[in-house]
There are 2 protein chains.
Amino acid sequence: MPMIPIGVSARHIHLSPTDLNILFGEGYELSVFKELSQPGQFAAQETVAIVGPKGQFEKVRILGPVRPQTQIEVSRTDAFSLGIHPPVRESGHIEGTPGLRVIGPKGEVPLEQGVIVAARHIHFHTTDAEQWGIQDKQLLRVHLRGERPLILEDVIARVSDQFALDMHIDTDEGNAAGVKTGEQAELLL
Amino acid sequence: MPMIPIGVSARHIHLSPTDLNILFGEGYELSVFKELSQPGQFAAQETVAIVGPKGQFEKVRILGPVRPQTQIEVSRTDAFSLGIHPPVRESGHIEGTPGLRVIGPKGEVPLEQGVIVAARHIHFHTTDAEQWGIQDKQLLRVHLRGERPLILEDVIARVSDQFALDMHIDTDEGNAAGVKTGEQAELLL
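Residues numbered from 1 in each chain as written. Chains lettered and ligands numbered in written order. Predicted model: local features only at pLDDT ≥ 70, side-chain atom pairs only at ≥ 80, totals over all residues. Heavy atoms only, no water.

Caption draft 1: Examining the packing of aromatic side chains more closely. Under the criterion given, the structure shown has 4 aromatic pairs over all chains. Over the ring of Phe57 of chain A we find Arg11 of chain A, and its NZ or CZ is 3.6 Å from the ring centre. (Phe/Tyr/Trp six-rings, centres within 6.5 Å; stacked < 30°, edge-to-face > 60°. Lys NZ or Arg CZ within 6 Å of the ring centre and 35° of its normal.)

Caption draft 2: Up close: unusual backbone geometry. All names here are of chain A. With an omega of 0°, the peptide bond running from Gly64 to Pro65 counts as cis. Structurally, Pro65 can be placed in the loop between strand 5 (56–64) and strand 6 (71–73). Even without being a glycine, Asp154 presents a positive backbone phi close to 55°. Within the element layout of this structure, Asp154 appears in strand 13 (residues 150–160). (Helix = DSSP H or I, 4+ residues; strand = E, 2+ residues; numbered from the N terminus.)

Caption draft 3: Spatial organisation of the side chain of His12 of chain A. Residue and element names in this part refer to chain A. With respect to the secondary-structure elements, His12 resides in strand 2 (residues 12–14). By relative accessible area, His12 is classed as buried at 5%. Only 2.9 Å separates the side chain of His12 from the backbone oxygen of Ala10, close enough to count as a polar contact. Reaching out from His12, the side chain makes a polar contact with the side chain of His14 at a distance of 3.3 Å. In this view, His12 contacts Val60, Arg61, Leu63, Gln71, Ile72 and Glu73; residues no more than four positions away in its chain are not counted. (Buried < 20%, exposed > 50% of the residue type's maximum accessible area, 1.4 Å probe, protein only. Polar contact = N/O pair within 3.5 Å; in protein donor to acceptor, adjacent residues only side chain to side chain. Contact = heavy atoms within 4.5 Å.)

Caption draft 4: Representation of the pairing of strand 10 (residues 115–118) of chain B within the structure. All names here are of chain B. Side chains Val115 and Val117 of strand 10 all project onto a buried face; the interleaved residues Ile116 and Ala118 project onto the opposite face, where all are buried too. As defined by bridge partners, strand 6 (residues 71–73) adjoins strand 10 across 2 bridges and the pair is classed as parallel. Residue Glu73 lies in a different strand from strand 10, and its bridge partner there is Ile116. Pairing analysis gives 2 bridges linking strand 7 (residues 88–89) to strand 10, with the strands arranged parallel. Bridge pairing in strand 10 links Arg89 to Ala118. (Pairing = 2+ DSSP bridges.)

Caption draft 5: Expanded view of the environment of His93 of chain B. Residues and elements named next belong to chain B. Along the chain, His93 turns up in the loop between strand 7 and strand 8 (101–103). What makes His93 partly exposed here is its relative accessible area of 41%. Sequence separation between His93 and Val115 is 22 residues; the distance between their C-alpha atoms is 9.8 Å. Apart from residues no more than four positions distant in its own chain, His93 is found in contact with Gln71 and Ile116. There is a polar contact of 3.4 Å between the side chain of His93 and the backbone oxygen of Ser91.

Caption draft 6: Region of the structure containing the domain arrangement of chain A. Residues and elements named next belong to chain A. Annotation of chain A at the domain level lists domain 1 (11–118) and domain 2 (120–188). Distance from the C-alpha centre of domain 1 to the C-alpha centre of domain 2: 23 Å. At the junction of the two partners, domain 1 supplies 11 residues and domain 2 supplies 12 residues. Carbon and sulfur atoms make up 42% of the area that domain 1 and domain 2 hide from each other, which totals about 840 Å². Where domain 1 touches domain 2, the interface holds 0 salt bridges. Where domain 1 meets domain 2, there are 5 residue pairs in polar contact (both at pLDDT 80 or more). Listing elements by their share of the side of domain 1 that touches domain 2, those giving two or more residues are helix 2 (76–82) and strand 10 (115–118). (Domains from an automatic or database assignment. Buried area = accessible area lost by both parts, 1.4 Å probe. Salt bridge = Lys/Arg side-chain N within 4 Å of Asp/Glu carboxyl O.)

Caption draft 7: Broad picture of the relation of the copies chain B and chain A. For the match of chain B to chain A, the screw axis carries a shift of 0.0 Å, the RMSD comes to 0.0 Å, and the turn is 180°. These values place the two chain copies in the arrangement generated by a two-fold rotation axis. In this assembly, 100% of the residues forming the interface of chain B have copies in chain A that are likewise at the interface, indicating an isologous arrangement. (Least-squares fit on C-alpha atoms with pLDDT ≥ 70 in both.)

What follows is the structure, given as structure tokens:
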């Protein structure tokens, strides 16, 4: 069975150029803290606070580079703490989602929408997908052999020649199974 | 396939008589807030604070009645917030586990051990277990059909004529699948 590297995503935010300017000042550019698995993507040194009706989190990591729309990805556990009810969505599909107040060192943004629980997915490079007969958007099953083993269903395949092989799950999923970033999952074909 | 009622346990604490006296005063008795699924067990009206090296939680629910040993059950997500690394254990098996500071209205207890991540399990009444051919301590697979479907493996069967049929998972597991207390899970035999 193909083995897939696991990436467990903690809560994070992607910023639009406009919101980056409001939060950090006109013309601000993000600094790279750490390169991520997908080519060109990085965790920035900068963080923001996010504030919901019931709770808030300080030091939420910004992922770069900037994107057309600001998007916040939280776990379901985080969402209960914040007091919001975001849907499970694929990245970029934020219509009708709740917002949060975002606070940076130079300003704040009363985000009207953009908070999602990210749908788990696997990035396949085109050559990996061809080798294993996997189509873009196919739903897959993945075995996580952590301290509390489980099988994830409905893991979305995303195929592109811009992608590196990696499965993205959130902290609820990672903690439920007891797996960490850098460990391997077994794709059940 | 047999359907099993789901109970998602949030972080909670069971107290020894000695620790109850220290936290709430000599001779204190817990008040029932809500009966739980297992006969005689209840969520108390009383709560305590638990304090770890990195973080703390206020208003952690006490479950009654009192037990021989104080035990705190947290999710893995909670444990990271608290800054401790408890093992996944069955209830009552607390040897070698970390402690936490527990604070009540009348005193505090520097608990030396007793924090676990509870191993998921199903309570079967003896007649349910006989009907489905299930043995005490058997490891089972359970299908959770929430918004993010998954199959839990290594779910421990616990069989007794004192038990009511119910599966206990924690908030990481419930949130990873998108299921809530009172919903049903499918036992895969």
